[in-house]
Amino acid sequence: MQEQLKQLKEQAMAEISKVDEKASLNEFRVKYLGKQGLLTQILRGMRDVPAEQRPVVGALVNEVRALIEEQLSAKEADFEKREMESELAKNYIDITEPAQGHERGALHPLSKVFELLIDSCVNMGFKVVEGPEVELDYYNFEALNIPKNHPSRDMQDTFFITDNILLRSQTSSVQARTMEVMKPPFKIISPGRVYRNDSDATHSPVFHQMEGLVIDENISMADLKAMLIVLMRKTFGEQTQIRFRPSFFPFTEPSVEVDVTCPSCHGEGCRLCKGTGFMELLGAGIVNPKVLEANGIDSKKYRGFAFGFGVDRVAMVKNGIADIRSMFKNDIRFLKQMK
Ligand code: DAH
């Protein structure tokens, strides 16, 4: 029996060294240690072992069992370790790899132009004042010398909400509101959204204007011109020239339209400015004394100049945008180009 046990031990050791997958370990365990296993079978012969030899044989049996068990668990641990290693290798994360980077947002071209215009004016001492977009007819028209049913209302296709309430068609409405509450002298700008029933490549029903108003003693066209030169040079570059053309607005007298040299050709004439070298950009003038009086300002003592322009147009000219509507579609491809 001792001989049998030694043989079994050798056979088991030889066999286990060849086991190369976890599943076969169990077969091995059953084959040697199971109820019908080889060791159990040999143990059945214990009956025939003489009593005095039993302790020695018993010790040998235990030794063989312990050895097989030891080998089994060593092998098992080895398989588990290998499994873990291959799992780790498969799911390897290189924590030193640089991150993929985030998409960077940017300001909308309109916001950038607003920022530039407002900064330039604030640096010249202007205060920013805002007014409501849903406005009374009074501030949008009447207080600006545009009476009800007057033909000059036709210059703007206004969205009326009721007879007396409208979506403001110009930021000039803020002029009237400001004159009502501020004591001269003052310098204000009013940036904001305005609305007109107009829609094509250069007109949008919602667009943006910036209004300026300066009220003081001894104001003249020279002040207006000097201020606008500074503002336009900050906006379009130092070589920019401006020119005044006589015009008409009910709230200014005299009134002018202001052109700036084309930022693309600097006055030579190109496709952008249709060969004229200039771009029509804003309306301006000396505040009509009737408007001052209507808003409670002494027109004998004070005078003022005012200007107003389309901010969308400035953004379009600066960025070479052909269609105003592309600025409101939020097409990510367009916005990326504008970064
Ligand atoms: N509000 C005028 C418009 O929308 C622009 C304008 C012209 C504003 C002359 C002014 C100004 O303040 O003096 O067409």
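Cut-offs used in this document
- Every residue gets a number counted from 1 within its own chain, in the order that chain's sequence is written.
- Note on the predicted model: pLDDT of at least 70 is required for a residue's local features to be given, and 80 or more for side-chain atom pairs to be given and counted; whole-chain, interface and lining totals, by contrast, use all residues.
- Computation of side-chain values covers all heavy atoms of the structure but excludes hydrogens and water.
- Counting from the N terminus, the helices are the DSSP runs of H or I reaching at least four residues and the strands are the DSSP runs of E reaching at least two.
- For the radius of gyration, the atom set is restricted to C-alpha positions; the globular benchmark scales as 2.2 Å times the number of residues to the power 0.38.
- Burial status follows relative accessibility: with a 1.4 Å probe on protein chains alone, a residue under 20% of its type maximum counts as buried, one over 50% as exposed, and anything between as partly exposed.
- We get accessible surface area from the Shrake-Rupley algorithm with a probe of 1.4 Å; when it comes to residues, only the shown protein chains can shield them.
- Under this rule, positive means Lys or Arg and negative means Asp or Glu; His and the chain ends count for nothing.
- Think of each charge as sitting on NZ of Lys, CZ of Arg, CG of Asp or CD of Glu.
- What fixes the domain bounds is an automatic or database domain assignment.
- When DSSP finds at least two bridges between two strands, those strands are taken to pair.

1. Considering the overall build of the protein
Link 1 in the chain: In terms of helices and strands, the protein carries 11 helices and nine strands.
Link 2 in the chain: Relative to the compact-globule value of 20 Å for 339 residues, the protein shows a C-alpha radius of gyration of 46 Å, a clear excess of over 25%.
Link 3 in the chain: The C-alpha extent of the protein, read off along each of the three principal axes, is 140 × 45 × 35 Å.
Link 4 in the chain: Within the protein, the fraction of its 339 residues that count as buried is 41%.
Link 5 in the chain: When the accessible surface of the protein is summed, it comes to about 19500 Å², and 51% of that surface belongs to carbon and sulfur atoms.
Link 6 in the chain: Both charge centroids of the protein, one from 44 positive and one from 48 negative side chains, sit 1 Å from each other.

2. Focus on the domain arrangement of the protein
Link 1 in the chain: Taken domain by domain, the protein comprises domain 1 (2-90) and domain 2 (109-337).
Link 2 in the chain: Inter-centroid distance (C-alpha atoms) of domain 1 to domain 2 is 96 Å.

3. Focus on the pairing of strand S6 (residues 242-249)
Link 1 in the chain: As paired elements, S6 and strand S7 (residues 252-261) share seven bridges and run antiparallel to each other. Following the sheet pairing, Ser 247 is matched in S7 by Ser 255.
Link 2 in the chain: Between S6 and S7, which follow one another and run antiparallel, lie two residues.

4. Examining the pairing of strand S4 (residues 186-195)
Link 1 in the chain: Of all the 10 residues making up S4, eight are buried; the element is thus mostly covered by neighbouring parts of the structure.
Link 2 in the chain: Pairing geometry for strand S1 (residues 127-128) and S4, over two bridges, is parallel. Bridged to Val 128 within S4 is Ile 189.
Link 3 in the chain: Pairing analysis gives 10 bridges linking S4 to strand S5 (residues 206-216), with the strands arranged antiparallel. Looking at the pairing, Ile 188 lines up with Leu 213 of S5.

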